[in-house]
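Reading the structure
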Amino acid sequence: MLEKVERLALERDLCVNCLGRMFGGLLTGVDNKSRGIFLLGALSMELLSRAVLGDEDAERELVKLAKRYPDVDFLRKTVERRGYRPNPSGGTCEVCAGMSKSYGRLAELIVEKMREYEFESFLIGVRVPSEAEIKEDEIKASYKLQFSESLREEMSREIGKDVMRRLEGRKCDPIAPDLTVIVDPLSGLVETRSKDLVIEGRGSSLGGRIFSPLCDFCGGKGCPSCDYTGKKRGGTFEFLVGSKLLELTEGKRWRFSIKRREGDEFYFRFRISDPRRRRIPPKIDIEEGVRIFEIRVRDKT
């Protein structure tokens, strides 16, 4: 394995973090940056032992290693003690392009966006550039790396951990999160998607008008005329209650259905898309002949 570490460190432009990630399946309980430091430490001791015994190639490789990783303190001090003052030659990492240094900044951007929503659970996704994934796959294949971790896995985990530290009491849910966040690490763009909110209840409409027809102007797609609801304005139960629920939840659209009828009363369901608020009051007053006797948010959608 140390031979592969030597080749990777000297032949490729990898940051400490990505070097460690190429062996991410080994050594539990450390992050990839620490793993990279450990690997460079083991490699440095190997090269130094050979250099002390007169191996000039090992001496040159040790100096080259110090140039590639100028921020690794023990490497710099080791070659300085042997009389070298190497000028740093480390450039941008050919895989992550510096993205692995931005986890804290990205977590801060994500948390700022998440504070616009009410939620108990979340999931963080990362839009990793295809060029990085292609380069990563090429290196893994070329060096036959069997214990590596993908950049996408690392970024999702490390950013997610940082977000959880900043948002105490919230949990990560990979199955059905209240809020899904996708971040582009290069641009810093943060996209959010809130899980649909299902609201059920029992009500009646004195005028007998329950369902709203589609908007005459957009045919249900959503436009300024219908406040982007896709429904025709009017005094129907669906429009009046749906509009109120959008106001309370700050959602975008609703879907409405009747579960069953019992005389003049009926059991209804609204599904609100992309809500920012997930709590509603236990009693909602609607004018124009609409009555709501029971209303509640379903725990599961």
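Just above, that's the structure.
The paragraphs below set out a description of the structure included in this document.

What counts, and where the lines are drawn
- Residues numbered from 1 in each chain as written.
- Predicted model: local features only at pLDDT ≥ 70, side-chain atom pairs only at ≥ 80, totals over all residues.
- Heavy atoms only, no water.
- 1 Å grid on protein atoms, 1.4 Å probe; cavity = no way out; pocket = protein on both sides within 12 Å on 5 of 7 lines; lining within 4 Å.
- Points joined across faces, edges and corners; volume = space filled by probe spheres on them.
- Helix = DSSP H or I, 4+ residues; strand = E, 2+ residues; numbered from the N terminus.
- Nonpolar A, V, L, I, M, F, W, Y, C, P; charged D, E, K, R; others polar.
- Phe/Tyr/Trp six-rings, centres within 6.5 Å; stacked < 30°, edge-to-face > 60°.
- Lys NZ or Arg CZ within 6 Å of the ring centre and 35° of its normal.
- Buried < 20%, exposed > 50% of the residue type's maximum accessible area, 1.4 Å probe, protein only.
- Polar contact = N/O pair within 3.5 Å; in protein donor to acceptor, adjacent residues only side chain to side chain.
- Axes fitted to C-alpha atoms, helices over the stretch in contact; angles between N-to-C directions.
- Parallel < 35°, antiparallel > 145°, perpendicular 65-115°, else oblique.
- Contact = heavy atoms within 4.5 Å.
- Pairing = 2+ DSSP bridges.
- Disulfide = S-S within 2.5 Å.
- Expected span 1.5 Å × (residues − 1).

1. Remarks on the layout of surface pockets
If you add up the space inside the largest pocket, you get close to 570 Å³. As for the largest pocket, its lining consists of 26 residues, and the residues nearest its centre are Cys15, Val16, Asn17, Asp71 and Lys101. Listed by contribution, the elements that provide at least two residues to the lining of the largest pocket are helix H2 (16-21), helix H3 (32-52) and helix H8 (151-166). Partitioned by chemical class, the residues of the lining of the largest pocket number nine nonpolar, seven polar and 10 charged.

2. Some thoughts on the packing of aromatic side chains
This structure, assessed with the given rule, holds nine aromatic pairs. With 6.0 Å between their ring centres and 40 degrees between their planes, Phe237 and Phe256 make a pair best called tilted. Taken together, the positions of Phe237 in helix H9 (residues 237-249) and Phe256 in strand S6 (residues 253-262) put the pair 19 residues apart, joining distant regions of the chain. Ring-pair connections join several aromatic residues into one group, and the members of that group are Phe211, Phe237, Phe239, Trp254, Phe256, Phe266, Phe268 and Phe270. Sitting over the ring of Phe119, Arg170 keeps its end group 4.4 Å from the ring centre. Just above the ring of Tyr267 sits the side chain of Arg260; from NZ or CZ to the centre is 4.0 Å.

3. Quick notes on the environment of Asp55
As for its placement among the helices and strands, Asp55 is situated in the loop between H3 and helix H4 (56-68). A relative accessible area of 27% places Asp55 in the partly exposed class. The spatial distance from the C-alpha of Asp55 to the C-alpha of Cys215 is 82 Å, given a sequence separation of 160 residues. Only 3.0 Å separates the side chain of Asp55 from the backbone nitrogen of Asp57, close enough to count as a polar contact.

4. Notes on the packing of helix H1 (residues 2-11) against H3
Helix-helix packing is described using two parameters, namely the angle between the two axes and the distance between the axes. Following both chains from N to C, one finds H1 and H3 inclined at 95 degrees, their axes separated by 10 Å at the closest point. When the axis of H1 is compared with that of H3, the two are roughly perpendicular. Between H1, through Leu2, Val5, Glu6 and Ala9, and H3, the contact on the second element is made entirely by Leu39, Leu40, Ala42, Leu43, Glu46, Leu47 and Arg50.

5. What about unusual backbone geometry?
Phi angles above zero are rare outside glycine, and Asp227 is one such case at about 60 degrees. Here Asp227 shows up in the loop between strand S5 (197-205) and H9. Backbone geometry at Tyr228 places phi at a positive 60 degrees, although glycine is not the residue there. Mapped onto the elements of the fold, Tyr228 is located in the loop between S5 and H9. The exposure class assigned to Tyr228 is partly exposed, which follows from its relative accessible area of 49%.

6. Here we look at the pairing of strand S3 (residues 179-183)
For S3, a buried count of four out of five residues is recorded, marking the element as mostly surrounded by other parts of the structure. Pairing between strand S1 (residues 121-126) and S3: five bridges, direction parallel. Paired with Ile124 across the strands is Val181, a residue of S3. Bridge analysis of S3 against strand S4 (residues 190-194) gives five bridges, and the strand direction is antiparallel. From the neighbouring strand, Val181 faces S4, where its bridge partner is Thr192.

7. Digging into the state of the cysteines
In total, this model carries zero disulfides according to the counting rule given. Of the cysteine sulfurs around Cys223, a residue in no disulfide, the closest is that of Cys215, at 3.8 Å. Note on Cys223: relative accessible area 12%, which makes it buried. Cysteine Cys226 remains unbridged, with the sulfur of Cys218 as its closest cysteine sulfur at 3.8 Å. Given the relative accessible area of 1%, Cys226 is considered buried.

8. Comments concerning H8
Structural remark: α-helix, 3.6 residues per turn; residues separated by three or four positions point the same way. Over its 16 residues, H8 extends 23 Å from the first C-alpha to the last, a length consistent with the 22 Å expected when each residue adds 1.5 Å. Every buried residue of H8 is accounted for by Leu151, Glu154, Met155, Glu158, Ile159, Gly160, Asp162 and Val163. Where the residues of H8 are buried, they touch H2, H3, helix H6 (103-114), S1 and helix H7 (130-142).

9. A closer look at the environment of Arg152
If you trace the backbone, Arg152 turns up in helix H8. Excluding residues within four positions of it along the chain, Arg152 makes contact with Val126, Arg127, Val128 and Glu133. Separated by 2.6 Å, the side chain of Arg152 and the backbone oxygen of Val126 make a polar contact.

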